[in-house]
Every structure is written in C-alpha cells, then in structure tokens.
Amino acid sequence: MGRSLLSLEIVELIEHIRSKAIVTTGISPHHLRIASDEKLLELQAQLCLGEAWGVWECPKEWSPGFTNRSRQHYRLELALPDGTDLHSEPAHRTWRELLRLSLAMALWPGASGKVRKPRSALTILYTLGHALKLMGLPEDGAFWSRIDRPQARKLLGKPGVNSLNTVAFYYGMGALPDGPSTAKRKGIQSRRDRLGEPEHSECPDNAKQWQPFPDTYTAEAGWRAVHMMSIVGPTLIDAIETAAFVPVRTTRADGAPLSKRSIQLIKKQAFDNVISTWDWRAPDGSALQDLPMPIHSRSQRSLEHSQPISWPPRSYFEAFSLLVILQSCHLWIVALSFASRHGELLSLRENCLRRETSDISTASLSTWKLDGIVGRSHEVPLPDIVVATLRQQVRLAKLAKRIANFDGDHLWVRLDTRGSPEERIGSPITNFARYLQGFNFAFDLTPLLENTNAHMHRFRKTLARIVALALVHAPKILMDVLGHRDEQMTVMRYILSDPGILVEIEEISRELIILKGVDAVGKLEQLQGKAARTLRERVAQHVKRLGKNALEPQNLREFVEAMTEHGAGWAIIGPGKVCTGFKKGGLCNDINGEANPHYCSTDCHNQLLLPDYERADGTFASSIVEAIDTIDYVVDHFLKSEKRGEEMLVAALSGQIRGLLGQWREVDQHFQNRHLLNPEVKKHFLQVVLLS
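Because the structure is predicted, anything quoted here is derived from the model rather than measured. (Residues numbered from 1 in each chain as written. Predicted model: local features only at pLDDT ≥ 70, side-chain atom pairs only at ≥ 80, totals over all residues. Heavy atoms only, no water.)

Relative to the assigned elements, Asp632 resides in helix H20 (residues 623-644). Relative accessible area serves as the criterion here: at 18%, Asp632 is assigned to the buried category. At 2.8 Å, the side chain of Asp632 and the side chain of His670 are in polar contact. (Helix = DSSP H or I, 4+ residues; strand = E, 2+ residues; numbered from the N terminus. Buried < 20%, exposed > 50% of the residue type's maximum accessible area, 1.4 Å probe, protein only. Polar contact = N/O pair within 3.5 Å; in protein donor to acceptor, adjacent residues only side chain to side chain.)

What follows is the structure, given as structure tokens:
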C-alpha cells in the first residue's frame, strides 16, 4: 500500500488515545483474553477504531495519501466463507477473535518493540481473514490453533507466516485464548513425549534471501529501459498530450448536444488521427522510424501467440499502451539507482528533486524501516540520467492526472482502467509488482531471470553487487545508499548474500593487478624502487627468449600473469606504489607470511614505484607530483609547529616527511633543493640519505 509520513501531531494523538485507554480501563493481556463481546466493542470505540460489531475502521487522518477508502476498514464477511450467516455463532466467534487480536496490536508493542500502526494492523487482518475464509468456519475449541506455519506459508506465502507470528506473539503474551499449533505460552507448555516422534515435527523453512538480478538480465533490461526513457519517451508524451486535449465538437449542426456514445466516437477518431499523423522524432531531431527491440502489449496473455506493438503506433490506444510501458521503464531505472525499499519509492512526490543546480542532484523520499511510525525524510544522490528520468516521470504523472482530472502530488500513477473507481487513471500506485512483471513481459525478459521471480528488493541487492564489484570502500558507500546503520547488515545481508560475489571480487582484483603489471612493463624505463631492476631483468630475459614477438598482447599478458602469480602475488599499496612480493612478504614481515602494507619500507626489494596512478574517478595523476605537493604541505605545517614549540606534533610530521623520502628521485631532489636549505628543517633531517 502507498505510504505517507504521519505527522507528529497524529502520532502523539494515537499514543495519547492508547495510553488513556490502558489507564482508564486497567486493561491487561489477561483481561483482554477473557473480555466479553461488549467489553471488546467498548475498547474498540475508545481506541477510535470503529463502533460497529463486525467492522474495524482506520480513521482517514491516520492514513494520509491513501485514496482507496475500501482498504481503510475491514468487515467480518471478508473472513467468512461465501453465504455464511453473519449472525451465526461461528461468525460471531470469528469476529471476536479477530477483534481481540486487533485490540492487542493497538494496545501493546509487538515483537519489534513498537506498537503497530493502524494500517499495518489492517494489513494483518486482511491476510489472516483470507486464511480463515479458506479454512472454513471454526468448530468448538480450536481457532488459531487450526493453522500452523507450514499451512500459512502454503496458503498465503511469507506474509501469512509473518501474520501468524504476530498471533503467536500475543498468544505468548497471554492476550489471546488460543494460538497457532506451534505456539505455547510460557509456564503451561506440556511435557514433550519423544517416543515415536518423527525426526522433524514441521517442514524446515527453506526460504532464501532475495538475490541480485542475473548480470545478463540487468544488462539487457537496462539498455532497453534507458532507450525507452531517453529516445522514445519525450516524443511519446508529446504525442499523447497533443491527442488527449485536441478540441472536439460536442453538439450537432442544429446545436443539440451529442450523445455520450457519439462524443466518445468523435474523440476516438480525433485522438487516433493525431497519433497516426504524428511526426515521430528522437531528441536529436532524427526520424524515429523503428525501435531496436520488439515490445509486447502487457494486455496479451502469452508471448508465444502475441504480436509486438507496431511502431510507430497507429492509434491512441497503442500509444497509451506504450505510455504504460514507459512508466515501467522509469520505475526500473529509478529502482536500481535508488536501491530503496518498496514503500520508500512509493513515497516519492512530484517535487522530490533537490539540489538541481548542484554538481550532484538528490531526491527526497520517506523511510520508516529504522525510524518507526513517524519515519523521516531521506535524500538520495542521483546521476544525471536518473534526474532526467524523474523529470520525465513528473511530466507523465501530471499528464495522466490532467487527463483523468485527478488531484494529488504522487509520482507514480495508474494508467489503466481496471479495478475499483478509486483505482482509476491518475490515482496512486499502491504496489509495483504488476508493473515490474509488465516490464519484463513487454521486452520478453522473463527467461533471463533464470527461473526466479522479479521482486523490488532485488534492485537493492543488484546495486549492492555492482558497487561491491566496482568501488573501493563499498560497505561504507552502501551503508549510506541503502540507509543502514549497521555495517554488518550491509556486508552480511547484502554484499555477501550473493554466494558468488567473493569469487568475483577476487577475480576482478586479480585482473586489475594483471593490468597494472602490463602497465608497468609499458613504462619500464620510468619505474623506480628496489624492485624496478629485477623487473627489467625479467622482461629482458622474456624478450631474449621470444624475440620480436615477446611484447605482442597475448605473449605479454601470459608473461605478466606468470610474473604476478595470476594477480595474487602483487598488491597495490598506495598511489603509484606496488608490492611485487605480496604472498611472500619482505622487510614488512621479516619474510614470514603475507606482506603487511602498513609497514611497507623503501628499503624492501619488493617495492615498485610507478610514475602515475589512477584516481577513483578514472583519471590519471602523477605519483611524483602528488608526493611533492604532499611534502610541501606537511613541511609548511611542520615549520608552524616548530615555531609554536609543539614537540609531539613536530615529531609526527617529521615521520610523515621521512615516509615520503627515499622513494622517487625527483621528490628527494625537490626536498633537498627547496626545504633542506632552511636550517629549521635541516637540523631534523641530518641523518636522512636522499636519492640522487
């Protein structure tokens, strides 16, 4: 369901009503368990959740941004088999236990330590009510104990198990007279007779965490979504906007009004005429004659018997079908970039863009996962393509709401006429599942999912995989992007939830080292450090052995793979600094085990110094220039500290300067010619041997 932030006033009001009900009635879990129907109804009214038997209501003010009024209350008949007498004793008992559970959720914190929001409690009622309807009317004795977790999973999937866990929690608290068959209240659990007991009393829970999308799916879906957004989207929205508001006559020649049916036919003809004669062009002005991929209408049931949507569209209906797919493309791009939870994406508004004039724009959304019922606002950094996507989605949403004369600032809109009147064109989307399925159907991407289901949470896992494979300090970056407060959550539940990601990270690391080795061979005469001489000798032997073919790409790569032990024997220690004996070690560890980069020494025979290095943004910088700039900066602070008599800081800065010397000759010569001429500096570096 769509969610909006509850105002602080509403939250305080709900808490005040709850506290007052507990104080004035003296209600306890024990009292609720034995309460009469009259007492239950009295409590319901006192909590402002309805006053009629058989109806549970959520006040409109407690569910802002939610337009489907039918989902703001729950009725008894939804939990009963069709044709059941609402006044029968089994029907009364069904409502009695549903009401008792609802009151428990409204009065006392659940397993999370928080009192459930009214709409969250409604969701549980809908879930459990559906299960009760499937199971039939209760007989004497058992009620909740008629269903266990395996049955709940079979009937309703994971939401059913979660809802049943809520029942079990309040039964364990003592608020319910009956609980799931696996739930036992503390203090009255019966002795367990293991004689003849099967090995497993219930089926094991084989549920797995959501995994990232397959790489092939991500690549194929990504370019299709981007092409639709950037090339097709602008002209498609222009065409529909022009067609939808083309003026049409509504009266006959004699001035009499036309019938509703006649007006519809005239509009269809006018709309279709605009679309069929539209000049379809890409943003660069070139004619858009065809598309690089077929697109299937989501109204068709089977790809085997369906025909792709024609391009260019010949009617207003075909163009509007493409508009539905365009919004799904926007959703795909935004979901992957935001890596947000389902409800957070639903909370986006037309004015969500922030800092549009800054180097990095952001979008504002709402999050509840770690902040309870009030929630908080959260900003997400956006690349340019996502900014363009959001701007176009704002335009699409405003167009749909204008066509349907629907008010609201929600970003994601319904574009079909199925469902109740509250779910008409322009109304807010409350669940993305069908739109994600429609996206995969439209581009025939389902086979690329490798027999797995598409799910919104997989976008979070997919972005986590991309960042983990591509960026240094990935856990810290992902903590911010995913909105986590615990790095272990990011590492264990997201990065390492993909069982193959460690292998891939190692493969990428080894490949980067091999490329660094190839780069070193190409800059052989510019290399410095104790390992430079050894490397030149090995390259010379390789050239002598293979002759003129030695440095051809394939031969060079094989040589570097052997020299770097397939990427595992070298390691990048710092900007322009490489350890060529990482598996053996050297002075940093007394040649005992793997090298320790923290103790990398200029005297070590494994240290190789390159003239440049690659920055995080992909550009290259001079290692020598950066070292010289660093020395100048540190020496400046060194002299200021010396003047102020800060001995400990002088010693620390002196150590930093020594760590930069003895590596590149140019750096040592710069230090000698510029800084050693100063007596205040020279007296601290009398014993330093500089490279000449």
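Turning next to the environment of Ile10. Structurally, the position occupied by Ile10 is in helix H1 (residues 8-25). Residue class for Ile10 comes out buried when judged on its relative accessible area of 15%. A sequence separation of 51 residues divides Ile10 from Glu61, and the C-alpha atoms of the two residues are 7.7 Å apart. Ile10 has contacts with Glu61 and Trp62, leaving out every residue within four places of it along the chain. (Contact = heavy atoms within 4.5 Å.)

On to the nonpolar core, then. In globular proteins that are soluble, nonpolar side chains generally tend to be buried together. The biggest cluster of nonpolar side chains holds 76 residues, and the ones touching the most others in it are Ile295, Phe338, Leu390 and Phe443. Examining the composition of this core, we find that 16 residues originate from one element, helix H10 (residues 316-338), more than from any other. Not counting residues within four places of it along the chain, the set of residues in contact with Leu390 comprises Val334, Phe338, Cys352, Leu353, Ala363, Leu382 and Leu411. Formed by 43 residues, the second largest nonpolar core is a distinct cluster that contains Ile10, Ile17, Leu43 and Ala91. (Core = buried A, V, L, I, M, F, W, Y, C linked by side-chain atoms within 4.5 Å.)

Right, let's talk about the environment of Ser601 for a bit. Note that Ser601 resides in the loop between strand E7 (577-579) and strand E8 (607-609). Each C-alpha atom of the pair Ser601 and Gly662 lies 9.4 Å from the other, and the pair is 61 residues apart in sequence. Those residues in contact with Ser601, other than ones at most four positions away along the chain, are Leu587 and Gln607. A distance of 3.2 Å separates the side chain of Ser601 from the backbone nitrogen of Asp603, its partner in a polar contact.

Moving on, we get to the packing of helix H8 (residues 215-244) against helix H9 (residues 260-276). Put simply, H8 and H9 touch, their axes get as near as 8 Å, and they point 150 degrees apart. For the element pair H8 / H9, the angle class is roughly antiparallel. Note that H8 runs across H9; the crossing there is right-handed. Contact residues: H8 offers Ala239, Ile240, Thr242, Ala243 and Ala244, while H9 offers Phe271, Val274 and Ile275. Looking at the contact of H8 with H9 residue by residue, the classes come out as 7 nonpolar, 1 polar and no charged. (Axes fitted to C-alpha atoms, helices over the stretch in contact; angles between N-to-C directions. Parallel < 35°, antiparallel > 145°, perpendicular 65-115°, else oblique. Left-handed = near helix turned anticlockwise from the far one by under 90°. Nonpolar A, V, L, I, M, F, W, Y, C, P; charged D, E, K, R; others polar.)

With that settled, consider the packing of aromatic side chains. The final tally for this structure, using the stated rule, is 17 aromatic pairs. For the pair Phe169 and Tyr170, a centre-to-centre distance of 5.3 Å together with 90 degrees between the ring planes defines the contact as edge-to-face. On the accessibility criterion, Tyr170 (1% relative accessible area) is buried. Put simply, the rings of Phe213, Tyr217, Trp332, Phe439, Phe443 and Phe459 pair up and form one aromatic cluster. One Lys or Arg, Arg146, reaches over the ring of Phe143 and ends 5.4 Å from the middle of that ring. The aromatic ring of Phe245 is capped on one face by Arg402, whose charged end is 3.7 Å from the ring centroid. (Phe/Tyr/Trp six-rings, centres within 6.5 Å; stacked < 30°, edge-to-face > 60°. Lys NZ or Arg CZ within 6 Å of the ring centre and 35° of its normal.)

The next point concerns the sheet that holds E7. Here we have 3 strands laid out as an open sheet, ordered E6-E7-E8, and antiparallel in their pairing. Each of the sheet's edge strands pairs with one partner strand only, and the pair in question is strand E6 (571-574) and E8. Ignoring strand direction, the axes of neighbouring strands in this sheet form an average angle of 35 degrees. With 3 bridges connecting them, E6 and E7 associate as antiparallel partners. In the strand pairing of E7, Ala571 is matched with Cys579. (Pairing = 2+ DSSP bridges.)

Moving on, we get to the pattern of salt bridges. Pairs can form between side chains of opposite charge once their charged atoms are near each other. Applying the stated criterion across every chain, the model contains 24 salt bridges. Glu646 is paired through a salt bridge with Arg644; the nearest N and O atoms lie 3.3 Å apart. The exposure class of Glu646 is partly exposed, given its relative accessible area of 31%. Take Arg644: its relative accessible area is 53%, and that puts it in the exposed class. (Salt bridge = Lys/Arg side-chain N within 4 Å of Asp/Glu carboxyl O.)

What follows concerns the environment of Ile231. Here Ile231 lies in helix H8. Residue Ile231 is classed as partly exposed on the basis of its relative accessible area, which comes to 23%. C-alpha separation for the pair Ile231 and Leu288, spaced 57 residues apart in sequence, amounts to 8.6 Å.

Remember, this is a structural readout, not a statement about activity or role.
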